[in-house]
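Each chain, written out:
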Amino acid sequence: MNVESRPMSGAEADRFNQKIPENFSDFLRFQEGKPVCDGPISIPALPSGARLVVIGDFICTGILEVPEEASLVVTGRLEAEGIIADGNIIVLGDIETGDVFGESYCNRVFCCGGNAHVRCLIENGHDFEFEGSLDALFVASLMNVVRVSGQVRSSHVFLTRLSRDKCREVLVPELFDGEGKLESDLVTHRIWKKQPLLK
């Protein structure tokens, strides 16, 4: 990834710190001198291990994968064809994407300070928080709770733990192993292939 960075100014840090939602303040703080990149930025993927802070919009022209050791902070809007979140993703603006899958053994966050439009969101041991509204065809929490402060508009919404049986009713059978358990590798494989998760 060839993106030029520069140190964040003190005035910028103060301005963006004032925009951080209260729920995000435990894990987000802008600091003077830390490297940032000026948006809008459009790239095909985020390299493994990258720790990127974007001042402005971030557009991923393919599937955005943020590995466990990586993090992405966006002060503007985030767009991607789909998102696989093992690491931290914090967006102060809106999110527009396809399918979203988050899995991190409960030690990483996916936060949206604006409104989010997604096709299908599956939480499997990841912390999802939405300050604005959430529009989706399907929202399912398998281990934690998906927290939404605004309105939820969805055909199927399960913000607390979804049962295995209900999961199989809604999602395609290719996502489950022989014992009927949802397999993370099968979910991410279909997202990369841009194949539907819903029946």
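Here, residues in each chain are numbered from 1, in the same order as that chain's written sequence. Per-residue local features of the predicted model are confined to residues with pLDDT of at least 70, and side-chain atom pairs are confined, for both listing and counting, to 80 or more; whole-chain, interface and lining totals are unaffected and use all residues. No hydrogens and no water enter the side-chain calculation; it runs on all heavy atoms of the structure.

Asker: Help me get a handle on the sheet that holds strand β16 (residues 127-130), residues and values and all.
Answerer: Being paired, for any two strands, means DSSP has found at least two bridges between them. By the criteria applied, helices consist of DSSP H or I runs no shorter than four residues and strands consist of E runs no shorter than two, each listed in order from the N terminus. Ordered by their spatial adjacency, 8 strands build an open sheet running β1-β2-β4-β7-β10-β13-β16-β18, and the pairing between neighbours is mixed. Edge positions in the sheet fall to β1 (6-7) and β18 (146-148), since each has one partner strand and no second. Pairing analysis gives 4 bridges linking strand β13 (residues 109-112) to β16, with the strands arranged parallel. Counterpart to Phe 110 in the pairing with β16 is Phe 128.

Asker: Give me the layout of surface pockets: which residues, what numbers.
Answerer: Think of a 1 Å grid over just the protein atoms. A cavity is a set of points where a 1.4 Å probe fits yet cannot get out, a pocket is an open set with protein on both sides within 12 Å along at least five of seven lines, and lining residues have an atom within 4 Å of a point. Grid points are joined across faces, edges and corners, and a volume is the space filled by probe spheres set on the points. One number sums up the size of the largest pocket: a volume of about 410 Å³. For the largest pocket, the lining is made up of 17 residues, of which Leu 28, Arg 29, Val 53, Ser 71 and Val 73 are closest to its centre. For the lining of the largest pocket, the elements supplying multiple residues, two or more each, are β2 (35-38), β4 (51-55), β7 (71-74) and β10 (88-91). At 3 residues, the largest contribution of residues to the lining of the largest pocket is made by β4. Of the residues belonging to the lining of the largest pocket, the class tally is 11 nonpolar, 3 polar and 3 charged. Lining the second largest pocket are 14 residues, and of these Asn 124, Leu 142, Arg 164, Lys 181 and Leu 182 sit closest to its centre. Polar here means any residue outside two lists: the nonpolar Ala, Val, Leu, Ile, Met, Phe, Trp, Tyr, Cys and Pro, and the charged Asp, Glu, Lys and Arg; Gly therefore counts as polar. Classifying every residue of the lining of the second largest pocket by side-chain character gives 6 nonpolar, 4 polar and 4 charged.

Asker: I'd like a description of helix α3 (residues 184-193), backed by residues and values.
Answerer: Among all positions in α3, only Ser 184, Val 187, Thr 188, Arg 190 and Ile 191 are buried. With its buried residues spanning 160 degrees around the axis, α3 presents them on a single face. Within α3, the exposed residues directed more than 90 degrees away from the buried face are Asp 185 and Lys 193. What makes two residues a contact is simply this: any of their non-hydrogen atoms within 4.5 Å. Buried residues along α3 sit in contact with β6 (63-66), β9 (82-85) and β12 (99-102). Directly after α3, the chain includes Lys 194, whose backbone phi takes a positive value near 60 degrees. Using a 1.4 Å probe on the protein chains alone, a residue whose accessible area is under 20% of its type maximum counts as buried, one over 50% counts as exposed, and one in between counts as partly exposed. By definition, the arc is the one covered by directions from the helix axis to the C-beta atoms.

Asker: Explain helix α1 (residues 10-17) to me, and be specific about the residues and the numbers.
Answerer: Within the sequence span of α1, burial applies to Gly 10, Glu 12, Ala 13, Phe 16 and Asn 17. Around the axis of α1, the buried residues are gathered within 160 degrees of arc, so they sit on the same side. Structurally, α1 contributes buried residues whose contacts are with β1 and β4.

Asker: Explain the state of the cysteines residue by residue, including any values.
Answerer: Joining two cysteines, a disulfide is a covalent bond between their sulfur atoms. Cysteine sulfurs are considered disulfide-paired once they come within 2.5 Å of each other. Applying the stated criterion across every chain yields a total of 0 disulfides. With no disulfide of its own, Cys 37 has Cys 60 as its nearest cysteine by sulfur position, at a separation of 15 Å. In this structure Cys 112 is a free cysteine whose sulfur lies 9.0 Å from that of Cys 111, the closest cysteine sulfur available. Classification of Cys 112 by relative accessible area gives buried; the value is 0%.

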